[in-house]
Amino acid sequence: MALPIEPILPAIRDALGERGCVVVQAPPGAGKTTMVPLALLDAPWLTGQSIVMLEPRRVATRAAAWRLAELRGEEIGETIGYRMRGERRVGRATRVEVVTEGVLTRRLQRDPTLDGVGILIFDEFHERSLDADLGLALALRTRAMLRDDLRIVVMSATLDGESVARLLGDAQIVTSQGRTYAVETRYVEPRREPRIEGAVTNAVVDALRRDDGDVLVFLPGAGEIRRVEASLAERVDRSVIVAPLYGMLERDAQDRALFPDRGGRRKVVLSTSIAETSLTIEGIRIVVDSGLSRAPRFSPRTGMTRLETVRVSKSSADQRRGRAGRTAPGVCYRLWAEHETTHLLEQSPPEILHADLSPLALDLAVAGVTDPSELAWLDTPPAAAFAQARELLAELEAIDASGVATAHGRAMGELAVHPRLAHMLIRATELGAAKIACDIAALLSERDVVRFQEGSSDSDLARRLDLMRASRDASADVDRDALRRARTESDRLAERLESVSVTGRPPVHPSTRPPDPGALIALAYPDRVAKRRSATGPGTRARFVLRNGRGAEVRESDSLAASPFIVVAQLDDRKPEAQIFLAAAVDEDDVRRLFGDQIVTDESVDLDDSTGAVAARRVERLGAIVLRESSLAAPSEESARAALLRAIRRRGVSGLPWSDAATRLRQRMSFVAFHDREWPDVSDDALTARLDEWLAPSLAGVRRLSALQQVDLSEALSSLLDWRRRRALDNLAPSHVVVPTGSRIPIDYSDPAAPKVAVRLQEVFGLTESPRVLDGRVPVTMQLLSPAHRPVQTTRDLAGFWRTSYFDVRKDLRGRYPRHEWPEDPLTAAPTKRAKPRR
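Below or above, wherever it landed, is the structure these notes cover. What you see is a predicted model; the values in this text were computed from it and never measured.

1. Digging into the packing of aromatic side chains
- Applying the stated rule across the entire model yields 10 aromatic pairs.
- Note on Phe671 and Tyr749: the rings are 5.0 Å apart at their centroids and 45° apart in plane angle, and the pair reads as tilted. Within this pair, whereas Phe671 is found in helix α21 (residues 660-675), its partner Tyr749 is found in the loop between β26 (744-746) and β27 (756-760), the two being separated by 78 residues in sequence. With respect to class, Phe671 is no different from Tyr749; both count as buried.
- Arranged with centres 6.5 Å apart and planes meeting at 85°, the rings of Phe765 and Tyr806 form a pair that is edge-to-face. Residue Phe765 is found in the loop between β27 and β28 (772-773), and its partner Tyr806 is found in helix α27 (residues 805-813); the two are separated by 41 residues along the sequence.
- Here Tyr806 falls in the buried class, since its relative accessible area comes to 0%.
- A cation sits over an aromatic face here: Arg547 above Phe595, 5.2 Å from the ring centre.

Have a look at this one:
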């Protein structure tokens with residue numbers, strides 16, 4: 001049966017011949033991965049040259065190569081071969097190489113001309129991996145500057161072809177309609193299952209009972225796959241085989257999932273998102289979609305990447321659904337409510353927008369690119385994340401001040417591991433510790449070889465290293481597949497190190513003690529050296545502060561909990577105190593030896609919060625870590641005053657011991673400044689900003705916070721006024737008002753918009769108008785009091801009060817206070833402070 005892609009193969013070939021670039025849009029299952037490279041092999045303009053096809057995943061790379069070889073009736077390694085990190089099957093006659101995306105980047109770094117390569121095919125480009133974006137950007141540079149005959153094919157199932165075509169110089173878009181069968185969609189809301197695995201298991205069992213064909217299940221990661229596999233083992237009989245499928249599986253296990261069972265049994269394939277587009281699994285008629293996937297999320301704030309479980313996009317959900325209709329009508333079980341589909345993102349965001357960009361920055365530097373804007377991108381690397389990546393590379397000595405790759409950086413680029421690990425491997429080789437460094441790098445590159453168990457897992461990397469060296473281990477919590485892969489990766493790294501130039505520093509003298517694992521990890525993670533600061537109690541948490549200022553913690557039962565210094569390799573980023581997953585103890589001597597040139601010694605004078613006194617100290621710091629602290633002789637008068645001012649700034653001027661007189665003076669000054677902006681601002685912020693001007697002269701001899709009680713804040717505050725304004729203040733904002741009885745009543749200026757006085761009503765008999773301040777512009781609010789000093793009336797119009805409200809007050813109070821005067825005419829009555837004499 002002809003594949004849907006076949007009718008458009010001539011158009012693809014013609015477009016490459018005419019323009020050199022083409023965008024191929026074809027849905028999953030159209031046959032583009034297998035048919036396009038074979039159709040181009042005999043093109044006249046490809047004579048003597050090869051095709052390199054990029055796949056986004058190792059599983060897809062191997063599967064595509066084997067399928068292409070099978071279609072030609074050859075063994076792998078003849079015309080068709082493949083290449084990926086740590087594995088290659090190519091021969092001298094190989095003309096089609098299927099490679100993982102990072103392989104192309106390193107090839108372009110070594111040979112920007114891509115000598116012998118005629119066509120680059122970017123398959124499944126819609127997945128928008130970081131390596132795919134970088135590979136295309138470098139390939140376009142090669143085409144523009146060195147190889148105008150290099151042809152480029154970008155193939156995608158769902159990507160916006162117009163934007164890619166523009167990037168390729170207005171390339172032609174060739175579209176295949178595809179061929180799919182009807183797929184019935186059934187929405188199944190999880191029934192209060194504590195984890196998604198329970199809902200998935202129920203849906204699979206139900207699907208096996210109701211529908212025909214094999215089942216493809218989409219889960220976010222390997223952990224969920226293993227748990228569903230264990231659950232299904234208890235609920236399905238032996239007529240059904242359950243086959244996991246994820247990137248770290250061995251080839252035999254992957255083939256078990258990809259190909260029909262030889263015994264004809266039904267099959268349930270438990271897969272991550274790798275089966276969405278780049279793999280064809282025969283016999284699938286049923287899809288169970290959890291609606292979740294795992295995506296890396298990098299935080300520029302913390303410099304850490306974590307895997308996050310996220311909802312799939314609409315395009316991913318549609319691709320998953322389409323897997324059920326490749327060869328016959330099928331059914332898709334979606335484990336969410338139907339209305340939730342409208343809330344899904346249209347497309348998953350490209351990795352370049354939220355990934356750790358340090359590998360990309362190193363690859364660019366090795367390729368001679370110091371500024372990403374020199375290349376053409378679909379999405380330019382975010383400036384902040386790229387700047388942070390360059391800061392890390394500079395710290396790892398991979399680039400110089402101008403961003404050019406150093407000899408050390410170029411050697412790091414040859415190792416095809418994260419720059420942190422590459423730096424550690426090369427420096428460890430110079431220190432005579434290559435083997436243990438390879439073990440550490442392998443352990444940190446693969447899944448943890450010790451299965452996480454809530455409440456009992458230990459973060460110490462030393463145990464993992466012991467497992468790497470042990471001949472066997474019977475512990476139930478050891479992940480033997482992960483351990484086997486880590487050992488294989490360690491051997492690969494050791495072999496690769498032998499061919500990598502590690503020049504840049506002289507070899508360490510043979511008598512030097514090889515570094516401990518913690519010291520090696522500190523080379524990779526210099527920003528995550530950590531010092532123990534406290535524990536919250538037995539059986540709870542031990543807390544550490546990292547060099548970068550972050551807090552982290554482990555359980556008190558963890559073997560690292562009592563270590564004074566550790567280096568953290570893996571931790572989360574979900575709360576202020578991050579949980580440590582992998583770390584190793586490190587000696588303080590090793591910290592000083594490795595980072596001695598970065599340790600800063602400060603002699604500081606500051607306030608001791610515990611005593612409240614000014615003290616001088618010498619402090620050695622590595623970033624946020626205090627390595628050593630010691631006391632110095634008594635500080636000078638000037639240093640002590642500066643330390644007190646810094647402490648007051650931290651606490652704020654509101655914490656000063658303001659006397660009543662100083663507070664009233666400040667309120668009077670604030671009142672005038674409220675109405676006249678030319679007067680000095682005495683708000684908290686303004687006074688804090690001018691501490692050196694008004695408070696510092698009064699701190700002579702003061703060396704403790706408690707001694708501030710002796711400072712006359714009124715006099716200090718007055719220093720902000722010249723002699724003219726000091727005289728004007730008493731006129732504009734007098735401290736008291738004199739009432740008809742002769743009493744001096746203080747004016748309250750706490751509200752600068754409405755000063756007020758509180759006075760007994762009998763003392764203002766005969767006063768016809770409310771007092772005024774600020775040269776008569778602002779009336780004083782009168783709070784009139786009863787003989788018991790309780791407010792009875794508040795007014796700014798005293799004359800109006802005497803004419804109206806007074807009589808109601810008189811009527812109400814004369815019976816309650818009969819010994820006090822309540823005249824019928826308060827304007828002619830004599831003011832008084834006293835009650836009537838007793839008869």
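After that view of the structure, there is still more to cover.
2. Here's the deal with the environment of Pro680
- Along the chain, Pro680 turns up in the loop between α21 and α22 (684-689).
- Remark: the alpha-carbon pair of Pro680 and Ser670, spanning 10 residues in sequence, is separated by 8.2 Å.
- Setting aside residues no more than four positions away along its own chain, Pro680 makes contact with Ala673, Arg690, Leu720, Leu721 and Arg725.

3. Some remarks on the pattern of salt bridges
- Evaluation of the coordinates by the stated rule reveals 51 salt bridges.
- Note that Asp42 and Arg13 form a salt bridge whose closest N and O atoms lie 3.0 Å from each other. Pair noted here: Asp42 is in the loop between α2 (32-40) and β2 (50-55) and Arg13 is in helix α1 (residues 9-19), with a separation of 29 residues, a long-range link.
- Exposure remark for Asp42: the relative accessible area of 55% places this residue in the exposed category.

4. Observations concerning the sheet that holds strand β9 (residues 183-187)
- If you trace the 6 strands from one edge of the open sheet to the other, you get β9-β16-β13-β10-β12-β11, paired in parallel fashion. In this open sheet, the two edge strands, each paired with only one partner strand, are β9 and β11 (240-245). On average, adjacent strands in this sheet sit at an angle of 20° to one another, irrespective of strand direction.
- Sheet topology places β9 next to strand β16 (residues 330-334); 5 bridges connect them, and they run parallel. Its bridge partner lying in β16, Val183 is registered against Gly330.
- Together, β11 and β12 (266-271) form the strand contacts of helix α9 (residues 251-258), whose direction differs from that of β11 by roughly 125°.

Conventions and cut-offs
Residues numbered from 1 in each chain as written. Predicted model: local features only at pLDDT ≥ 70, side-chain atom pairs only at ≥ 80, totals over all residues. Heavy atoms only, no water. Phe/Tyr/Trp six-rings, centres within 6.5 Å; stacked < 30°, edge-to-face > 60°. Helix = DSSP H or I, 4+ residues; strand = E, 2+ residues; numbered from the N terminus. Buried < 20%, exposed > 50% of the residue type's maximum accessible area, 1.4 Å probe, protein only. Lys NZ or Arg CZ within 6 Å of the ring centre and 35° of its normal. Contact = heavy atoms within 4.5 Å. Salt bridge = Lys/Arg side-chain N within 4 Å of Asp/Glu carboxyl O. Pairing = 2+ DSSP bridges. Axes fitted to C-alpha atoms, helices over the stretch in contact; angles between N-to-C directions.

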